[in-house]
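Breakdown of the fold
Chain by chain, the residues run as shown.
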Amino acid sequence: MFENLSERLGGVFDRLTKQGALSEDDVKTALREVRIALLEADVSLPVARDFIARVTKKATGAAVTKSITPGQQVVKIVHDELIATLRGEGDPGVLKIDNPPAPILMVGLQGSGKTTTTAKLAKRLKEREGKRVLMASLDTNRPAAMEQLAILGTQIGVDTLPIVKGEDPVAIAKRAKTQASLGGYDVYILDTAGRLHIDADLIAQAAAVRDVANPRETLLVVDGLTGQDAVNVATEFDDKIGVTGVILTRMDGDGRGGAALSMRAITGKPIRFVGLGEKTDALETFEAERVAGRILGMGDIVALVEKAQQTLEVEQAERMMKRFQKGQFNMNDLRGQLDQMMKMGGMQGVMGMMPGMGKMSKQAEAAGFDDKMLRRQVALINSMTKKERARPELLQASRKKRIAAGAGLEVAELNKLLKMHRQMADMMKTMGKKGVLKQAMAGMF
Ligand code: GDP
C-alpha cells in the first residue's frame, strides 16, 4: 500500500545509514528528500512540512549526529514521528459496541466501497468477536445496492434486514433497530446511501438517520486512492455528520498512500481499518506501528503473523516464532512458510508482508516468482533428507544433484531456493535481534 513511498525512503535511508559520520547538513539534506517523497505520495503540504520540522528538531542535535550510529538514529526518529502522525487514541480495531444492540452507521460517497466494507466489518465482528450482526441497506435510491448487501450477507452468513419496497431510510433505520432488539443481535450496521459528491440531500438524509439511530460508531468509508480528496471528504463529513473513525479502502492498489498520513493530522479522526481488496476478508486494522514499519520498508511481520494465525495452529506459530527469534530457520521452517503462503492465497497475498520482501516483490514477480515456483520449491525441500532439511549447509554438489533430480528439477533451481533461504535466515536473525519478532509475538498472544 505504500510501495512507492517506501521505495523512496528506503533509498534515502540506505545512503544515510551507510555514511557513518553525519553532519547536520547531511541530515537536513536527507530530510529534504524525505519531504519530497512525502509530497509525491500525496501527503498534504502542511502535514509534510510539520512532520519534517518535528523530525529535524530531534535529529539535528549533537546527541544524534555525534552518536555511534547517527543514520539509524535518524531512521528511528522518522519511524517514531510516523507513528505519532498516524496514531489515534485507543485501539483502532476495537469498536464501541457494548450494550446490545449497538448501532454502527456507515457513511461515505457512492463507490467508496461502503457496502463492501459493511460486509467486511460484519464478517470480522462475527468471526473474530463472535457477535451476532444484522446489516441493513438504507440506499433507497439504488435498489441494486440493497440487493448487493443481501447477496454479501448470504455469502458471509450474516443476516440482512428484509427489503421492503417504498420505505424511506429513516423508517428502515427504525425497523432495523426493532429487529435487532427483538432478534437478539449484538450489533446492527446501517449502510447509508452514497452520492457521487457531498450534497445537501445526502447530508440531510444521513443526519436524519443518525438522529433516530443514535449510533455508537459512525464510520466514514473513503477511497484511499483519491489522496487529498479523501481527506477533504472526511473533513466535510465530520463537520456535518460527526464521525468516530475512518476506513480507507483500496489501499491494496499502488496508490500513493498519502491520504493515510494526512488523515489523522488534518481531520483529527483516527483511521480504524483499511480495505485491502474486493474480498470480504480484505479488511485490516490500521495500526500505526505496523504501518510505520511498512512505510519504512521493514516488511510487516505482525500482519503476517496475524494472518497466519487464522490458518495455523497457534502452538505451531508460537514454536515457529521462538525459533526465528533465536535465529533458527532451517528448511523445515522454510517449507512451513511456503505451505502457509499457499494457504494464505499464494505469492500475491503474502509478498508485501514478508520482511524485506516488500521492495523485492516487483523484481520477484518479474523473475517469475509465482505460485508455480512455490510448488517447485516445496517439491525440492520434500526431496531432501531429514538431516539435510535441518542442516541445509550440508548440501554439496552430489547431494544437490540428487535432490534436484528427485524433484525433477535443475540444480540451478535448488541453488535459487538455497539463496532465498539464506537471505531469509539472515533477515530473521537481524529482526530477532532488533526485537521486532518479539513485538510481533507480543501482539499475537
Ligand atoms: P459503495 O458504492 O460505496 O457501496 O461501493 P461498493 O461497496 O459497491 O464498492 C465499489 C467497488 O469497489 C466494488 O467493485 C468493490 O469490490 C470495490 N472495493 C471496495 N473496497 C475495496 C478495496 O479495499 N480494495 C479494492 N481493490 N476494491 C474495493
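Small disclaimer: the values here were computed from a predicted structure and weren't measured.

1. Overview of the sheet that holds strand β2 (residues 133-137)
Strand order in this open sheet of eight strands is β3-β2-β4-β1-β5-β6-β7-β8, and the pairing throughout is mixed. Looking at the sheet topology across the chains shown, the edges are occupied by β3 (159-160) and β8 (283-285). Direction of pairing for strand β7 (residues 271-275) relative to β8: antiparallel, over a ladder of three bridges. Bridge pairing links Val-274 to Glu-284 in β8. Contacts between helix α9 (residues 200-213) and the sheet are confined to β1 (102-108), β4 (187-191) and β5 (217-223), with β1 contributing the most and set at about 170° to the helix.

2. Description of the pairing of strand β6 (residues 245-249)
The side chains of a regular strand alternate, residue by residue, between the two faces of the sheet. Along β6, four of the five residues are buried, which leaves the element largely enclosed by surrounding structure. Two elements, β5 and β6, share five bridges in a ladder whose sense is parallel. Each bridged residue has a counterpart across the sheet, and for Leu-219 the counterpart in β6 is Gly-245. Note that the unit made of β5, helix α10 (residues 228-240) and β6 has a crossover that is right-handed. Bridge count for β6 against β7 is three bridges, and the pairing is parallel.

3. Considerations on the confidence of the model for the protein chain
When pLDDT is averaged along the protein chain, the result is 84, and 85% of the positions lie at 70 or above. Taken together, the stretch residues 441-445 has pLDDT below 50 and engages in six contacts with residues farther than four places along the chain or on a different chain. Our summary of model confidence lists the complex with pTM equal to 0.70 and ipTM equal to 0.99.

4. Concerning the environment of Gln-19
As for its placement among the helices and strands, Gln-19 is situated in the loop between α1 (3-18) and α2 (24-40). Along the backbone, Gln-19 and Pro-70 are 51 residues apart, and their C-alpha atoms lie at a distance of 8.9 Å.

5. Regarding the nonpolar core
Core analysis: the biggest nonpolar cluster contains 94 residues, and Ile-189, Leu-190 and Leu-248 have the highest contact counts within it. Residue-level mapping places this core at the junction of two domains, with at least three residues from each of domain 1 (3-86) and domain 2 (102-288). Excluding anything up to four places from it in sequence, Ile-189 contacts Ile-104, Met-106, Thr-118, Leu-121, Ala-122, Val-133 and Met-135. Listed in part, the ten residues of the second largest apolar core include Leu-380, Met-384, Ile-403 and Ala-407.

6. Digging into helix α18 (residues 371-382)
Here α18 contains twelve residues, and its C-alpha end-to-end distance of 17 Å stays within 8% of the 16 Å for a straight helix at 1.5 Å per residue. Taken as a whole, α18 has its buried residues at Gln-377, Leu-380 and Ile-381. Down the axis of α18, the smallest arc covering the buried residues is 95°, so these residues share one side.

7. Looking at the site of the ligand
The ligand sits among 17 residues. The nearest are Gly-113, Lys-114, Thr-115, Thr-116 and Gly-275. When residues of the shell around the ligand are assigned to their parent elements, the largest contribution, three residues, is made by helix α6 (residues 114-129). By residue class, the composition of the shell around the ligand is two nonpolar, eleven polar and four charged.

8. Overview of the packing of helix α3 (residues 45-59) against helix α5 (residues 70-86)
Following both chains from N to C, one finds α3 and α5 inclined at 140°, their axes separated by 10 Å at the closest point. When the interaxial angle is binned, α3 and α5 end up oblique. Between α3 and α5 lies a crossing of right-handed hand. Along its contact with α3, which presents Phe-51, Arg-54, Val-55, Lys-58 and Ala-59, the element α5 presents Val-74, Ile-77, Val-78, Glu-81 and Thr-85. By residue class, the composition of the contact of α3 with α5 is six nonpolar, one polar and three charged.

9. Details of the UniProt feature "domain: SRP54-type proteins GTP-binding" (unreviewed entry) in the protein chain
Mapped onto this numbering, the UniProt entry gives "domain: SRP54-type proteins GTP-binding" (unreviewed entry) at residues 270-283. Secondary structure content for residues 270-283 is 0% helix and 43% strand, and the end C-alpha separation is 16 Å.

10. Comments concerning the pairing of β5
Among the seven residues that make up β5, six are buried, leaving the element largely enclosed by the rest of the structure. Taken together, the five bridges between β1 and β5 define a ladder with parallel strand orientation. Paired with Gly-108 across the strands is Val-221, a residue of β5.

11. What about the environment of Thr-178?
Topologically, Thr-178 is positioned in helix α8 (residues 169-182). Take Thr-178: there are 11 C-beta atoms within 10 Å of it, and that puts it in the exposed class. Distance from Thr-178 to Pro-101, taken between C-alpha atoms, is 9.5 Å for residues 77 residues apart in sequence.

12. Let's talk about α1
The end-to-end C-alpha distance of α1 is 22 Å, a good match for the 22 Å that 16 residues give at a rise of 1.5 Å each. Turning to α1, its buried residues number three or more, namely Glu-3, Leu-5, Ser-6, Leu-9, Val-12, Phe-13 and Leu-16.

13. Structural notes on unusual backbone geometry
What you tend to see is this: most non-glycine residues have negative phi, and most peptide bonds are trans. A cis geometry characterises the amide bond from Pro-100 onward to Pro-101, with omega recorded as -5°. Within the secondary structure layout, Pro-101 lies in the loop between α5 and β1. Phi is positive for Asp-42, which is not a glycine, with a value near 75°. By the secondary structure assignment, Asp-42 is in the loop between α2 and α3. Taking the C-beta count within 10 Å as the criterion, Asp-42 has 24 such neighbours and is therefore assigned buried. Positive phi, normally seen in glycine, also occurs at Asn-99, with a value near 55°. Position of Asn-99 among the secondary structure elements: in the loop between α5 and β1.

Each value, and the rule that gives it
Residues numbered from 1 in each chain as written. Predicted model: local features only at pLDDT ≥ 70, side-chain atom pairs only at ≥ 80, totals over all residues. Pairing = 2+ DSSP bridges. Helix = DSSP H or I, 4+ residues; strand = E, 2+ residues; numbered from the N terminus. Contact = placed C-beta atoms within 7 Å. Axes fitted to C-alpha atoms, helices over the stretch in contact; angles between N-to-C directions. Buried ≥ 20, exposed ≤ 12 C-beta atoms within 10 Å, placed from the backbone. Right-handed = clockwise from strand over helix to strand, strands pointing away. pLDDT = per-residue confidence, 0-100. Core = buried A, V, L, I, M, F, W, Y, C linked by C-beta atoms within 7 Å. Domains from an automatic or database assignment. Expected span 1.5 Å × (residues − 1). Arc of directions from axis to C-beta. Near = placed C-beta within 6 Å. Nonpolar A, V, L, I, M, F, W, Y, C, P; charged D, E, K, R; others polar. Parallel < 35°, antiparallel > 145°, perpendicular 65-115°, else oblique. Left-handed = near helix turned anticlockwise from the far one by under 90°. UniProt positions renumbered as here; feature names shortened; annotations may be inferred.

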